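# Tertiary structure, described
Next come the chains, spelled out residue by residue.
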Amino acid sequence: MFDGCVHWITGCHGWPSTFAKLYSDLGVNQIKFFTFDEFSRFEPTIPADAPYTPEERSRLEKPIIFASNIPQCLRNLNEAASRPYPGQTPASVAADKALNTWIMGIALRLSKGSLGDPAAPLWKAAAQMICHFGLRNIYTFVRYSSLSMDDLAARYKSPLLQVAFRNIWARQCPAVYFWMILAWMHRHAVGYPVGGSQTFSNRLYERYTSLGGRTMLGKRVTQLLVRDDKFQGIRLLDGTDVCGDYLVWAGDGHTLLFDMLNQRYMDTHLRRLWNETQAVEGCVIVMLGLGQSRINTIES
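A brief structural summary. (Residues numbered from 1 in each chain as written. Predicted model: local features only at pLDDT ≥ 70, side-chain atom pairs only at ≥ 80, totals over all residues. Heavy atoms only, no water.)

### Some points on the pattern of salt bridges
In this structure the tally under the stated criterion is six salt bridges. Residue R41 pairs with E38 through a salt bridge whose shortest N-O separation is 2.5 Å. On the basis of relative accessibility, which here comes to 29%, the residue E38 falls in the partly exposed class. A salt bridge links R171 to D150, with the nearest nitrogen and oxygen atoms 3.2 Å apart. Note that R171 is positioned in the loop between α8 (159-167) and α9 (175-186) and D150 in helix α7 (residues 149-154), a separation of 21 residues in sequence. A relative accessible area of 25% means that D150 is categorised as partly exposed. One salt-bridge network, held together by shared partners, links R59, E79 and R83. (Salt bridge = Lys/Arg side-chain N within 4 Å of Asp/Glu carboxyl O. Buried < 20%, exposed > 50% of the residue type's maximum accessible area, 1.4 Å probe, protein only. Helix = DSSP H or I, 4+ residues; strand = E, 2+ residues; numbered from the N terminus.)

Laid out in structure tokens, this is it:
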């Protein structure tokens, strides 16, 4: 079992503190977490025929490290901004460094707040966000919610930083997500559970079964049973019906709306979302791991 976001489990060290009770209830609060020194790393590739001296090429091909420590990240980005490129001027370097300061300043401000209680009513969660973030940060968050990583990259003069910002995150993704994750990493509020997503899932499973929950593994759901616009249960591939009071759908939206519900609940808004919303570019996630014996050797 693999989870592409398992390396930033939020609130793993009790911040935001409202996650502590949630993790305790789920039985995952005893898992050991690792935090990271780097948010991301970009390794530039310079064409062989590019007109650079060996010294310049060596400098350009150095990795750009987006450190999880925000002041260090700023220093790394400023160093990258000063690397040579065609048309570079002192003014262009100064502009890129000012942009770096602005970007990291937003992340640093966000790192000083909490997202509030995820189980609270909307009005209470909004009030908590204002108290923790401050109105200035809330305004910044809302104002730049439509700014994509591609838009942010386009503000740079340096081609190197343009490519870096377009590759560390999905290009169409709002830049505020980048700021948010970096802010959490700076506070060591996100981390990787030792043992990966399987360990995290096992704890959830153990907690669920200890409370009397039952599981049916290897069963494919083919239909949701609905009567008078109320959920009644699910139908499995072998024809078995399983009734229940609640359904938590963990699959994709298209399968739910188009296949399981046969478009019965598709309104104009949902159809517009599916037909007009731009799809996010696909990506390939490669996960590498070490055998248990090797991990024991490292820890010892």
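### Regarding the sheet that holds strand β8 (residues 241-243)
Spatially, three strands are ordered β6-β7-β8 in an open sheet, and the strand pairing comes out antiparallel. Lying at the two open borders of the sheet, with one neighbouring strand each, are β6 (221-227) and β8. Going from strand to strand, the sheet's axes swing by 30 degrees on average, the running direction of each strand aside. Sheet topology note: the strand β7 (residues 230-236)/β8 ladder contains three bridges and is antiparallel. Along β8, the bridge assignment pairs R235 with D241. (Pairing = 2+ DSSP bridges. Axes fitted to C-alpha atoms, helices over the stretch in contact; angles between N-to-C directions.)

### Some words on a nonpolar patch on the surface
On the surface, L22, L26 and L204 cluster together to form a nonpolar patch covering roughly 200 Å² of accessible area. Topologically, L26 is positioned in helix α1 (residues 18-26). (Patch = residues over 30% accessible without salt bridge, like charges linked within 9 Å, V, L, I, M, F, W, Y side chains within 5 Å. Areas by Shrake-Rupley, 256 points an atom, 1.4 Å probe, with all protein chains shown as cover.)

### Comments concerning the sheet that holds strand β2 (residues 33-34)
Reading across from one edge, β1-β5-β2 is the order of the three strands in this open sheet, with antiparallel pairing throughout. Looking at which strands have only one partner, the edges of the open sheet turn out to be β1 (9-10) and β2. The sheet contact formed by β1 and strand β5 (residues 190-193) spans two bridges and is antiparallel. By the bridge assignment, I9 is partnered in β5 with G191.

### Things to note about helix α4 (residues 90-110)
Every α-helical turn comprises 3.6 residues, leaving residues that sit three or four positions apart pointing alike. Along its 21 residues, α4 runs 31 Å from first to last C-alpha, staying within 8% of the 30 Å computed at 1.5 Å per residue. Turning to α4, its buried residues number three or more, namely S92, V93, D96, L99, N100, I103, M104, I106, A107 and L110. End-on view of α4: buried residues confined to an arc of 150 degrees, all on one side of the axis. Counted as exposed and oriented over 90 degrees from the buried face of α4: P90 and A91. (Expected span 1.5 Å × (residues − 1). Arc of directions from axis to C-beta.)

So, to be careful, I would describe these as geometric facts and stop short of saying anything about function.
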